[in-house]
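Listed below, chain by chain, are the residues.
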Amino acid sequence: MFEYDFMIYAFLSGIMIAILSSMSGAFIVLKRYSLLSETLAHSSLVGVAVGILLGLNPYWSSIVFAIIAAWLIEFIRVEFKIYSDAILAIFLSGSLALAVIIVSLADSFNNSLFSYLFGSILSVSEDDLIVMLVFSFFALGTLLFIHKELYFISYDEELAKASGLNVKFYNYLLVSIVAIVIALSIQIVGSLLIGALMVIPTISSLRLKKGLYGTLIFALLFSIISVIVGISLSYYMSVPSGASIVVVLIIIFIGTLFKK
Amino acid sequence: MKFSSSVFEVKNLCLLRNKQDVLKNVSFTIFKGDYIALIGPNGGGKSTLVKTLLKLISATSGTIKILGQNQSKFNAWDKIGYVPQRASLLDDNFPASVLDVVKMGLIVKNKHKLFFNSSFNHLLDDAMKKMNVLHLKDRQIGELSGGQRQRVMIARALVSKPEVLILDEPNTGVDAKHQKDFYVLLKKLNKDEKITIIFITHDIGVIADDIDGVMFINSTLRVSKTPTKDLSCNIFSKVYGFDAHMLTHRGKHV
Ligand SMILES: Nc1ncnc2c1ncn2[C@@H]1O[C@H](COP(=O)(O)OP(=O)(O)OP(=O)(O)O)[C@@H](O)[C@H]1O
Ligand SMILES: [Mg+2]
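About the cut-offs
Residues numbered from 1 in each chain as written. Chains lettered and ligands numbered in written order. Predicted model: local features only at pLDDT ≥ 70, side-chain atom pairs only at ≥ 80, totals over all residues. Heavy atoms only, no water. Helix = DSSP H or I, 4+ residues; strand = E, 2+ residues; numbered from the N terminus. Buried < 20%, exposed > 50% of the residue type's maximum accessible area, 1.4 Å probe, protein only. Areas by Shrake-Rupley, 256 points an atom, 1.4 Å probe, with all protein chains shown as cover. Near = heavy atom within 4 Å. Polar contact = N/O pair within 3.5 Å; in protein donor to acceptor, adjacent residues only side chain to side chain. Nonpolar A, V, L, I, M, F, W, Y, C, P; charged D, E, K, R; others polar. Pairing = 2+ DSSP bridges. Contact = heavy atoms within 4.5 Å. Axes fitted to C-alpha atoms, helices over the stretch in contact; angles between N-to-C directions. Donors = N, O, S within 2.8 Å, 3.2 Å for Na, K, Ca; no water. Patch = residues over 30% accessible without salt bridge, like charges linked within 9 Å, V, L, I, M, F, W, Y side chains within 5 Å. Salt bridge = Lys/Arg side-chain N within 4 Å of Asp/Glu carboxyl O. Buried area = accessible area lost by both parts, 1.4 Å probe. Phe/Tyr/Trp six-rings, centres within 6.5 Å; stacked < 30°, edge-to-face > 60°. Expected span 1.5 Å × (residues − 1).

Draft legend 1. Region of the structure containing the overall build of chain B. Helices and strands together make up the secondary structure of chain B, namely 7 helices and 10 strands. Residue burial in chain B is summarised as follows: out of 254 residues, 54% are buried. Entry remark: accessible area of chain B is about 11500 Å², with carbon and sulfur atoms responsible for 52%.

Written out as structure tokens, the structure is:
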């Protein structure tokens, strides 16, 4: 399958997404905020719809919309003290509604949007790959430098604040990174399925009880395996790549359930 | 009279929450080296007062000075160790060993570093030894008993060598023997290491001999510097009843 350029791009971008989503997703899971990824995936869909409507590159418009949604969610969660699962539910269905309205206004509910729902490995271009590579570099670098702070905040936000950490700053930084990761990923994994790639690797590796670094390393391993196996399955069985990746993830998760 | 500088200097602190006075005109000064018990009925505002001192909640009015600085300018938070009330009730699945949790107390001193500075290792060991949790070092925090977790949380608060230790009912869930050890330890921290201690508790009788002062709070504050003498049933009924309103300005802690 490597005789095709698009397959090489698919694997490369898939592995990058696996790394990014599992590493940023780990902190979302630890903060018991898993639904954020699902929600932002739908918000980036609004960006895609707007992009299609206005003839912009959906790549950039989805990033912008995901970040705006992430900041709004964080702002409302903190300032109005609304349950975070409730605010996420509101944004999730609200975004989907908005996206559907926009595409039906534009009368363009075409394949292009459909591919953003379930992901399409065929759509990765060399340019996309470069954007992803540049962003991966910055996102992983940032996460690396603030991982101890994020860890502390996930453990106990109030205690972290009392210790003098600027909790607000780190929270906004984390949700921004997550928003961009998701916007970059929906093209490949699909907005309906990216949540799985952000959450399941960490949930599975938490079952192994290996401490923070063990959890991160196993999450990384699980997500890379699922992307490689998933894309190969998708190639040989002609099924959407996002779906096959998620199926592999679920199998890994079930496997970890048997660990005592 | 002690001629020492103040750790907390609070003047006319008021806090309204949902149109209710949670803290009403609270003023006091706590000096370096003091060992203060903060007592009062459930809902009296003990935790709220402490959180306001720590800037976790903003006051409606009044001024707070920490180590001589206005709270808004203060940023040496690693000098203040805090053990919150619900510290032992955290998520069982969180991937953290005892060592990881104690390390959290040093994160502010190791900001934006990839790794911990290994010169801090002895601080970690010291704090764990002090709280008698060194043998639990590699155990997951979620697998420990409530009392053990509580001791880990205190080790976390001590690891940055704070000048002040604020404990919000740290002895709930600690058995009688460990409680006694715990009080001995607090006294030692206070006397030997000169750590200022603010201790929220419901059973003050046990530490009455150790402490330098009592603050009774039931939205308003009453301060006393002669705990043993004042700890009559009379005052207890007053504190835990409704009426702790009369403010007697005596002694140094006003
Ligand atoms: N988040 C909140 N919003 C509004 N009111 C609050 C909040 N938290 C506490 N209160 C109110 O503030 C008052 C003081 O609460 P606080 O927790 O400080 O009491 P406490 O003295 O620590 O009690 P306890 O002994 O039960 O720990 C109570 O009347 C409570 O209802
Ligand atoms: Mg309390």
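Draft legend 2. Quick look at the site of ligand 1. Residues and elements named next belong to chain B. Taken together, 14 residues sit near ligand 1, with G43, K46, S47, T48 and Q85 positioned nearest. Residue T48 places a side-chain N or O atom 2.4 Å away from an oxygen atom belonging to ligand 1. Contact distances for ligand 1 include 2.9 Å between an oxygen atom and a side-chain N or O atom of Q85. When ligand 1 is considered free in solution it has 640 Å² of accessible area, and contact with the protein chains removes 63% of it. Examining the composition of the shell around ligand 1, we find that 3 residues originate from one element, helix 1 (residues 46-53), more than from any other. Partitioning the shell around ligand 1 into residue classes produces 2 nonpolar, 9 polar and 3 charged.

Draft legend 3. Broad picture of the sheet that holds strand 4 (residues 61-66) of chain B. Residues and elements named next belong to chain B. Taken in spatial order, the 4 strands line up as 2-1-4-5 in an open sheet, and their pairing is antiparallel. In this open sheet, the two strands that pair with only one neighbour each are strand 2 (20-31) and strand 5 (69-70). Here 8 bridges tie strand 1 (residues 6-17) to strand 2, and the two strands are oriented antiparallel to one another. When the sheet's bridge partners are listed, L16 is paired in strand 2 with D21. Against the sheet, helix 1 makes contact with strand 1, strand 2 and strand 4, and its axis sits at roughly 60° relative to strand 2, the strand it touches most.

Draft legend 4. Looking closely at the coordination of the magnesium ion (ligand 2). All names here are of chain B. Within the protein, the magnesium ion (ligand 2) binds to S47 (OG) and Q85 (OE1); these donor distances fall in the range 1.9 to 2.3 Å. On the criterion of sequence distance, the pair formed by S47 in helix 1 and Q85 in the loop between strand 6 (80-83) and helix 2 (98-104) is long-range, its members being 38 residues apart. In this structure S47 comes out as buried when scored by relative accessible area, which is 18%.

Draft legend 5. Seen up close, a nonpolar patch on the surface. On the surface, L221, I225, I228, V229, L233, Y236, M237 and V239 of chain A cluster together to form a nonpolar patch covering roughly 680 Å² of accessible area. Using a relative accessible area of 53% as the deciding quantity, one classes M237 of chain A as exposed.

Draft legend 6. Fine view of the interface of chain B and chain A. Of the residues lining the interface, 30 residues belong to chain B; the matching set on chain A comes to 26 residues. Taken together, the two surfaces of chain B and chain A that pack against each other cover about 2700 Å², and 64% of this comes from carbon and sulfur. Linking chain B with chain A are 1 salt bridge. Here E158 of chain A makes a salt bridge to K51 of chain B, at a shortest N to O gap of 3.6 Å. The element contributing the most residues to the side of chain B that touches chain A is helix 2 of chain B, with 3 residues. Split by residue class, the side of chain B that touches chain A holds 18 nonpolar, 4 polar and 8 charged.

Draft legend 7. Just the pairing of strand 6 of chain B, in detail. All names here are of chain B. Residue alternation in strand 6 divides its side chains into two sets, I80 and Y82 and G81 and V83, and both sets are buried. As paired elements, strand 6 and strand 7 (residues 164-168) share 4 bridges and run parallel to each other. Counted as the bridge partner of G81 is L165 from strand 7.

Draft legend 8. Expanded view of the packing of aromatic side chains. All names here are of chain B. A complete count under the given rule lists 12 aromatic pairs over all chains for this structure. Ring geometry for Y183 and F199: centres 6.1 Å apart, planes at 50°, overall tilted. Within this pair, whereas Y183 is found in helix 5 (residues 176-192), its partner F199 is found in strand 8 (residues 196-200), the two being separated by 16 residues in sequence. With respect to burial, Y183 and F199 carry one shared label: buried.

Draft legend 9. Summary view of the side chain of T196 of chain B. Residues and elements named next belong to chain B. Here T196 shows up in strand 8. Judged by its relative accessible area of 1%, T196 falls in the buried class. For T196, the residues in contact, after removing those within four places along its chain, are V7, I30, F31, K32, G33, D34, E163, V164 and L165.

Draft legend 10. Region of the structure containing unusual backbone geometry. All names here are of chain A. Here the phi dihedral of R32 falls at roughly 50°; this positive angle occurs in a residue that is not glycine. Turning to its location among the elements, R32 is positioned in the loop between helix 1 (5-30) and helix 2 (35-54). The backbone phi angle of K81 is positive, close to 50°, even though this residue is not glycine. One can find K81 in the loop between helix 3 (58-79) and helix 4 (84-106). What makes K81 exposed here is its relative accessible area of 70%.

Draft legend 11. Region of interest: helix 10 (residues 211-237) of chain A. In a regular helix each residue adds 1.5 Å, so 27 residues correspond to 39 Å; helix 10 of chain A covers 37 Å between its end C-alpha atoms and thus fits that length. One or two steps after helix 10 of chain A, the chain reaches S238 of chain A, where phi turns positive at roughly 50°.

Draft legend 12. Examining the pattern of salt bridges more closely. Residue and element names in this part refer to chain A. As enumerated under the stated definition, the model contains 9 salt bridges over all chains in all. A salt bridge links E157 to K31; the nearest nitrogen and oxygen atoms lie 3.9 Å apart. Separated by 126 residues along the polypeptide, E157 in helix 7 (residues 157-162) and K31 in the loop between helix 1 and helix 2 bring together distant segments of the chain.

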